[in-house]
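Examination of the molecular architecture
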Amino acid sequence: MFPSVRFTINEYIQNRKLLIKLAYVHMSQSTIRSTWGVVWVYIHDMLYFTAFVLFRILLTGNSGGDGMHGVEYLMTGLVPWLLISEVLNSATNAIRLNKVIIQSIKFPITILPGVEVLSIFMKRLPSFLFIVVVCIYYGHLANIHVLLALYYIFATFAILFSATLLFSAIIAVSDDFHQIYMAFMRVLFFSLPIMWNFRTLEGTQYAFWGRILKLNPLIYIIQGFRDAFVLGNTQPIEYTVYFWGMTLAVFWFGSFVQRRMQRFYSDFI
């Protein structure tokens, strides 16, 4: 158990300068040919948010959840979702898409998922300012808990890094798993309380399915950002323990798979 964790931690500590340098390069490359550079990321986000807000208002009016305005409820779910979805779509392919590096030079392959995760975080963290703007507009600036928001940003990084460590290794060697994973990603958005509220399931015949869905640790993240920016609540201690237990378990398993697969990557990719 612990040799795998030590292996991963040592890989990242020993190659920390390379990790940061590559993350910055990856962040810059996505918009290097455009005049405005990374600003286009936030312009695209604004268009995405506008479209979702308009359709939400057309379909359900301004109704939100947990006492929040519909726009607030939507934005506090969409902003972290864009970060989550980009990491889970891009970083999990980090090893698979770097065939040339893996086959041509001696390279610390384990840091490739971390490079992608870090670059996406560096690029997307300013997007959380959109939530701040919405909170100011609806008079909830005083409700923002900065320390709680920083905690959930760290928690998001922890679970996404652990997940990509695992999934990137399996996707690199299995096309079948890659197809299953892509199918799962297409429905993941609808299973998270981004456009709907868990409270609508309580006391109904679907309450059981609500509890099943909450096994997904990403729900802890989405709910947490709403608490940090608007509601000011803290989630139940047992759910917090579950989240970190799941995160550590995924990190260990991802480290175990990465360590075992090092010698086989060049053969499968």
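Structure shown above.
Heads up: these notes are all about the structure in this document. Keep in mind that what you see is a predicted model, and the values were worked out from it rather than measured. (Residues numbered from 1 in each chain as written. Predicted model: local features only at pLDDT ≥ 70, side-chain atom pairs only at ≥ 80, totals over all residues. Heavy atoms only, no water.)

1. Structural notes on the overall build of the protein
Looking only at helices and strands, the protein features 13 helices and zero strands. Considering the protein as a whole, with its 269 residues, one finds that 48% of them fall into the buried category. As displayed, the protein has an accessible area near 14200 Å², and 68% of this comes from carbon and sulfur atoms. (Helix = DSSP H or I, 4+ residues; strand = E, 2+ residues; numbered from the N terminus. Buried < 20%, exposed > 50% of the residue type's maximum accessible area, 1.4 Å probe, protein only. Areas by Shrake-Rupley, 256 points an atom, 1.4 Å probe, with all protein chains shown as cover.)

2. Quick look at the environment of Pro 113
Its location among the elements puts Pro 113 in helix 6 (residues 111-124). Exposure remark for Pro 113: the relative accessible area of 0% places this residue in the buried category. Sequence separation between Pro 113 and Val 87 is 26 residues, and the spatial gap between their C-alpha atoms is 9.3 Å.

3. Quick look at the nonpolar core
Counting 54 residues, the largest nonpolar core has Trp 81, Leu 88 and Phe 229 as the members making the most contacts within it. When residues of this core are traced back to their parent elements, those giving at least two are helix 3 (39-60), helix 4 (70-90), helix 6, helix 7 (129-137), helix 8 (146-173), helix 9 (175-191), helix 11 (217-231) and helix 12 (237-261). When residues in this core are grouped by element, the largest group, twelve residues, is from helix 4. Counting residues in each nonpolar core, the second largest holds 21 residues, with Tyr 12, Ile 111, Leu 112 and Val 115 among its members. (Core = buried A, V, L, I, M, F, W, Y, C linked by side-chain atoms within 4.5 Å.)

4. Some details on the packing of aromatic side chains
Tallied over the full model, the rule gives 27 aromatic pairs. On the basis of an interplanar angle of 10 degrees and a centroid distance of 6.5 Å, the ring pair of Phe 128 and Phe 229 is categorised as stacked. With Phe 128 in the loop between helix 6 and helix 7 and Phe 229 in helix 11, the pair connects residues that are 101 residues apart, well separated along the chain. You can call Phe 128 buried: its relative accessible area is 6%. The exposure class of Phe 229 is buried, given its relative accessible area of 4%. One aromatic cluster is present, formed by Phe 128, Tyr 151, Tyr 152, Phe 154, Tyr 220, Phe 225, Phe 229, Tyr 239, Tyr 242, Phe 243 and Trp 244 through successive ring pairs. (Phe/Tyr/Trp six-rings, centres within 6.5 Å; stacked < 30°, edge-to-face > 60°.)

5. Digging into a nonpolar patch on the surface
Residues Tyr 206, Phe 208, Trp 209, Ile 212 and Leu 215 make up a contiguous nonpolar surface patch of about 540 Å² in total accessible area. By secondary structure assignment, the location of Tyr 206 is in the loop between helix 9 and helix 10 (207-213). Tyr 206 sits in the partly exposed class, given a relative accessible area of 47%. (Patch = residues over 30% accessible without salt bridge, like charges linked within 9 Å, V, L, I, M, F, W, Y side chains within 5 Å. Salt bridge = Lys/Arg side-chain N within 4 Å of Asp/Glu carboxyl O.)

6. Concerning the pattern of salt bridges
Summed over all chains, the structure comprises four salt bridges. Where Glu 86 meets Lys 123, a salt bridge forms, and the shortest distance between an N and an O atom there is 2.6 Å. Remark: Lys 123 occurs in helix 6 and Glu 86 occurs in helix 4; sequence separation between them is 37 residues. The pair Glu 86 / Lys 123 is uniform in exposure class, with both members buried. One network of salt bridges, in which partners are shared, links Asp 45, Glu 86, Lys 123 and Arg 124.

7. Concerning a positive patch on the surface
Judged by side-chain charge, Arg 6, Arg 259, Arg 260 and Arg 263 come together as a positively charged surface patch. Tracing the backbone shows Arg 259 in helix 12. Arg 259 sits in the partly exposed class, given a relative accessible area of 39%. (Lys, Arg positive; Asp, Glu negative; His and termini not counted. Charge placed at Lys NZ, Arg CZ, Asp CG, Glu CD.)

8. Re helix 4
The end-to-end C-alpha distance of helix 4, which contains 21 residues, comes to 30 Å, matching closely the 30 Å that a straight helix rising 1.5 Å per residue would cover. A large share of helix 4 lies buried, amounting to 19 of its 21 residues. (Expected span 1.5 Å × (residues − 1).)

9. Considerations on the packing of helix 11 against helix 12
In the contact formed by helix 11 and helix 12, the axes pass within 9 Å of each other and the chain directions differ by 125 degrees. Compared by their axis directions, helix 11 and helix 12 come out oblique. Between helix 11 and helix 12 lies a crossing of left-handed hand. Two secondary-structure elements touch here, helix 11 through Pro 217, Ile 219, Tyr 220 and Ile 221 and helix 12 through Tyr 239, Thr 240, Phe 243 and Met 246. When grouped by side-chain class, the residues that make up the contact of helix 11 with helix 12 number seven nonpolar, one polar and no charged. (Axes fitted to C-alpha atoms, helices over the stretch in contact; angles between N-to-C directions. Parallel < 35°, antiparallel > 145°, perpendicular 65-115°, else oblique. Left-handed = near helix turned anticlockwise from the far one by under 90°. Contact = heavy atoms within 4.5 Å. Nonpolar A, V, L, I, M, F, W, Y, C, P; charged D, E, K, R; others polar.)

Note that all results are geometric; they support no functional claim without further evidence.
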